[in-house]
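# Fold and geometry: a report
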Amino acid sequence: MDLGLRDKIVVVTGGSSGIGLAAVRGFLDDGARVAFCARGAERLESVCEELAQVYGADRVLARALTVLDKDAIEVFAEDVAARFGGCDALVTNAGQGRVSTFADTTDADWRAELELKFFSQLYPIQAFEKMLRDSPSGAIVAVNSLLAYQPEPHMVCTSAARAGVQNLLKSLATELAPEIRVNSVLLGLVDSNQWQRRFEARADKSVSRADWYADLARKKAIPLGRLGEAEEAARALVFLASPAASYITGARLEISGGVSRFS
Ligand code: NDP
């Protein structure tokens, strides 16, 4: 199926690793030009160099910044406008989860997590809104988590923040229509740097990677019996951001191997 992404301009936040990087590659494979950001300049630049060699330097743009810096995101949007002339789709993917229970989450942790989850959506959306409105196929795809509907006590503040973000996205799907479609993906457990970091921090260092992941899938009772691959999540992001999804807005798509228990 032709997704209609040839020569479209796509922005991906958190594009230097995991699901964001898989999405950047997916958009480039489908003919789009892609701008992406992340905090760590070294990894970002090496990824950008590699992509420029494969897809052409004229089709990629990378900027090192945190999405929590409003001014930096606005400058990024100006750079995208200057380099590519607009923006057709925005994927708000940057971030990470916080593992903590109610008892061990401080007020400062709550503030930091609420800030990360909300402003990692709000600042990029504010900065790119005008360009998205001007596009004939403006689209936002937000990366969110099953935790929004299925809270985990060991991730109490991430779960609560994700529920609020999901609510916000529903409002935006109405307010930004008809010019901009707004959809979300709800991730279960998807293999990425986040999980690699948790694997490296495992208590028993004698457990192999394969066994640790298999055990995790078993403990979480994932019906498909494994974690998802970053590319499997990315394919959904690419589709929802593309003109092929032109009549889909306000929707949420689970990418979880069937692990959700809500209907
Ligand atoms: P990775 O750690 O592999 O990738 C995260 C990416 O986001 C990196 O490029 C990272 O680069 C960037 N990033 C993180 N924080 C910021 C920031 N403040 N500003 C700009 N860039 C940032 O993790 P995933 O691919 O797993 O995560 C992608 C998204 O999916 C995250 O929002 C995560 O919370 C969400 N998610 C993932 C799940 C999973 O199972 N993998 C489950 C549920 C949700 P750098 O560190 O250099 O900034």
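Rules used throughout
- Residues numbered from 1 in each chain as written.
- Predicted model: local features only at pLDDT ≥ 70, side-chain atom pairs only at ≥ 80, totals over all residues.
- Heavy atoms only, no water.
- Helix = DSSP H or I, 4+ residues; strand = E, 2+ residues; numbered from the N terminus.
- Rg over C-alpha atoms; globule rule 2.2 N^0.38 Å.
- Buried < 20%, exposed > 50% of the residue type's maximum accessible area, 1.4 Å probe, protein only.
- Contact = heavy atoms within 4.5 Å.
- Near = heavy atom within 4 Å.
- Polar contact = N/O pair within 3.5 Å; in protein donor to acceptor, adjacent residues only side chain to side chain.
- Nonpolar A, V, L, I, M, F, W, Y, C, P; charged D, E, K, R; others polar.
- Pairing = 2+ DSSP bridges.
- Right-handed = clockwise from strand over helix to strand, strands pointing away.
- Core = buried A, V, L, I, M, F, W, Y, C linked by side-chain atoms within 4.5 Å.
- Axes fitted to C-alpha atoms, helices over the stretch in contact; angles between N-to-C directions.
- Parallel < 35°, antiparallel > 145°, perpendicular 65-115°, else oblique.
- Left-handed = near helix turned anticlockwise from the far one by under 90°.
- Disulfide = S-S within 2.5 Å.
- Phe/Tyr/Trp six-rings, centres within 6.5 Å; stacked < 30°, edge-to-face > 60°.

Our next topic: the overall build of the chain. Across its full length, the chain holds 8 helices and 7 strands. Whereas a compact globule of 263 residues would reach a radius of gyration of roughly 18 Å, the chain reaches 18 Å, a difference of no more than 12%. Taking all 263 residues of the chain together, the buried fraction comes to 51%. Long-range contacts, defined as pairs at least 24 residues apart, comprise 74% of the intrachain contacts of the chain with a sequence gap of at least 6.

Taken together, the neighbourhood of the ligand is formed by 30 residues, with Ser17, Arg39, Asn93, Ser192 and Trp195 sitting nearest. Isoleucine 19 places a polar main-chain atom, nitrogen or oxygen, 2.9 Å from an oxygen atom of the ligand. Arginine 39 places a main-chain nitrogen or oxygen 2.7 Å from an oxygen atom of the ligand. Contributing elements (two or more residues each) for the shell around the ligand: helix H1 (18–29), strand S5 (138–145) and helix H6 (193–200). It is H6 that contributes the most residues to the shell around the ligand, 4 residues altogether. Here the shell around the ligand is composed, by residue class, of 10 nonpolar, 16 polar and 4 charged.

Right, let's get into the pairing of strand S3 (residues 60–64). Here 5 bridges tie strand S2 (residues 33–38) to S3, and the two strands are oriented parallel to one another. Residue pairing in the sheet places alanine 38 in a bridge with alanine 64 of S3. Where the polypeptide runs from S2 across helix H2 (residues 41–55) and back to S3, its parallel neighbour, the crossover connection is right-handed.

Moving on, we get to the nonpolar core. In terms of nonpolar packing, the biggest core is built from 40 residues, with Phe27, Phe36, Leu51 and Val185 touching the most fellow members. At 8 residues, helix H8 (residues 230–241) tops the list of elements feeding residues into this core. When near neighbours in sequence (up to four residues on either side) are disregarded, valine 185 contacts Val141, Ala142, Val143, Asn144, Ser145, Ala236, Leu237, Leu240, Leu253 and Ile255. Within the second largest apolar cluster, 29 residues are counted, among which are Val165, Leu169, Leu172 and Val182.

Attention now moves to the packing of helix H3 (residues 70–84) against helix H4 (residues 107–134). Taken N-terminus to C-terminus, the directions of H3 and H4 make an angle of 30 degrees; their axes are 9 Å apart at the nearest point. It follows that H3 is roughly parallel to H4 by the angle criterion. Where H3 crosses over H4, the handedness of that crossing is right-handed. Facing H3, whose interface residues are Lys70, Ile73, Glu74, Phe76, Ala77, Val80 and Ala81, H4 presents Tyr123, Pro124, Gln126, Ala127, Phe128 and Met131. By residue class, the composition of the contact of H3 with H4 is 10 nonpolar, 1 polar and 2 charged.

As a further point, take the packing of H4 against helix H5 (residues 156–175). Orientation of H4 relative to H5, taken along the N-to-C sense of each, is 20 degrees, at an axis distance of 8 Å. Regarding the angle of H4 to H5, the classification is roughly parallel. Crossing of H4 against H5: the hand is right-handed. Residues Trp110, Glu113, Leu114, Lys117, Phe118, Gln121, Leu122, Ile125 and Arg133 of H4 form the contact with H5, whose own contacting residues are Val156, Cys157, Thr158, Ala160, Ala161, Arg162, Gly164, Val165, Leu168, Leu169, Leu172 and Glu175. Class assignment for the residues of the contact of H4 with H5 results in 13 nonpolar, 3 polar and 5 charged.

Read across the open sheet, the 7 strands follow the order S3-S2-S1-S4-S5-S6-S7; overall the sheet is parallel. Whereas interior strands pair on both sides, the edge strands pair on one side only; in this sheet they are S3 and strand S7 (252–255). Here the strands of the sheet are splayed against their neighbours by 15 degrees on average, with no regard to which way each runs. Across the sheet, H8 is in contact with strand S4 (89–92), S5, strand S6 (180–187) and S7; its angle to S6 comes to roughly 165 degrees.

Within the secondary structure, cysteine 48 sits in helix H2. Taking the C-alpha atoms as reference points, cysteine 48 and serine 256, separated by 208 residues in sequence, lie 29 Å from one another. If we skip the residues at most four places from it in the chain, cysteine 48 touches Phe36, Val60 and Ala62.

Another point: the state of the cysteines. Within the structure shown, the criterion is met by 0 disulfides. In this structure cysteine 48 is not part of a disulfide, and its nearest cysteine sulfur, from cysteine 37, lies 12 Å away. Among the cysteines around cysteine 87, which has no disulfide bond, cysteine 37 carries the closest sulfur, lying 12 Å off.

Here we take up the packing of aromatic side chains. Counted under the stated rule, the structure contains 7 aromatic pairs. With centroids separated by 6.4 Å and ring planes inclined at 50 degrees, the aromatic side chains of phenylalanine 199 and tyrosine 213 adopt a geometry described as tilted. Placement of phenylalanine 199 in helix H6 and of tyrosine 213 in helix H7 (residues 209–219) is noted, with a sequence separation of 14 residues between them. Judged by its relative accessible area of 8%, phenylalanine 199 falls in the buried class.

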